[in-house]
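Listed below, chain by chain, are the residues.
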Amino acid sequence: MPGGAGGNSASWLAELGAEVTLVARVGDDAAGAACRGELEAAGITCSFAVDPALPTCMVVILLDAHGDRTMFPDRGANKAFSVADVDLASLGLPAEPRPHLHLSGYVLFDAGSRAAGLESLRQARALGWTTSVDPQSPALIEREGVSSFLAWVSGVDLLLPNENEVAALGGLAAILGHAREVVATYGSAGARWVGADVDESAEAPVVENVDATGCGDAFNAGLLSAWLRGEDRSGALRAGVAAGSAAAARVGARPS
């Protein structure tokens, strides 16, 4: 079924009423065409580069009896996502309301696509957009090094780690030395938004964890859609928790 951190967040954002453009790279194959077709049917603008040789990314996911997952990725065309694929000014987005760039940490962890991820953050800042990054993986943080990752995301408006990623990065105080604000998720314990003179929390409802795949992507979408339409941090946290909980209660990473 369709997946991918960027596609998942884009799908949930569109479901929640946001106007979304997804910048990505896919293969020249049936999977890439299917991904584009589903996203466009959901009202998402697809700014896709098409790789002539590498296939569209595929991930095998194993679910255990508690809905937790193990992932085996073949990044395919994603690892060739390049600086030439990133031209945010050419997307023609209006200056108001101010656009926001959300970046998946997987782009930064892959040496092949890292330059494109950093370039997207640079361009967004130059255009006056707000920015956010989801670290995505404590194991990849440890592989690449905490100092390297924090340098890559230095200056982002929001860093969106889960509790394991917070621990891998050395705790909230260490992260706040690089990101302006941090929104951390804690599974069934809810979420917390911290920054200078900011400390807000939201509890999570009790749900059956059917499939944890994409819960963080859904949380990001719920939080960002609410925050970007002007809700305060407390309301945005509740919206993020609601979307993440909805994703956990069903199989698959996208809205039904």
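Residues numbered from 1 in each chain as written. Predicted model: local features only at pLDDT ≥ 70, side-chain atom pairs only at ≥ 80, totals over all residues. Heavy atoms only, no water.

Under an unreviewed UniProt entry, the name given to the protein is Sugar kinase, and the source organism is Terrabacter ginsenosidimutans.

**Quick look at the packing of aromatic side chains**
Tallied over the entire structure, the rule returns four aromatic pairs. For the pair F109 and W152, a centre-to-centre distance of 6.3 Å together with 70 degrees between the ring planes defines the contact as edge-to-face. One end of the pair, F109, is in helix α3 (residues 105-109); the other, W152, is in helix α6 (residues 146-152), with 43 residues separating them in the sequence. Each member of the pair F109 and W152 is classed as buried. When the centroid spacing of 6.4 Å and the interplanar angle of 80 degrees are considered together, the rings of F149 and W152 count as edge-to-face. (Phe/Tyr/Trp six-rings, centres within 6.5 Å; stacked < 30°, edge-to-face > 60°. Helix = DSSP H or I, 4+ residues; strand = E, 2+ residues; numbered from the N terminus. Buried < 20%, exposed > 50% of the residue type's maximum accessible area, 1.4 Å probe, protein only.)

**What to know about the sheet that holds strand β7 (residues 158-159)**
The sheet built from six strands is open, its strands ordered β5-β6-β7-β8-β9-β10 with mixed pairing. Each having just a single partner strand, β5 (100-104) and β10 (198-202) make up the two edges of the open sheet. Alignment of strand β9 (residues 191-195) against β10, held across five bridges, turns out to be antiparallel. Bridge pairing in β10 links R192 to S201. Along the sheet, helix α4 (residues 114-126) makes contact with β5 and β6 (130-134), crossing β5 at roughly 165 degrees. (Pairing = 2+ DSSP bridges. Contact = heavy atoms within 4.5 Å. Axes fitted to C-alpha atoms, helices over the stretch in contact; angles between N-to-C directions.)

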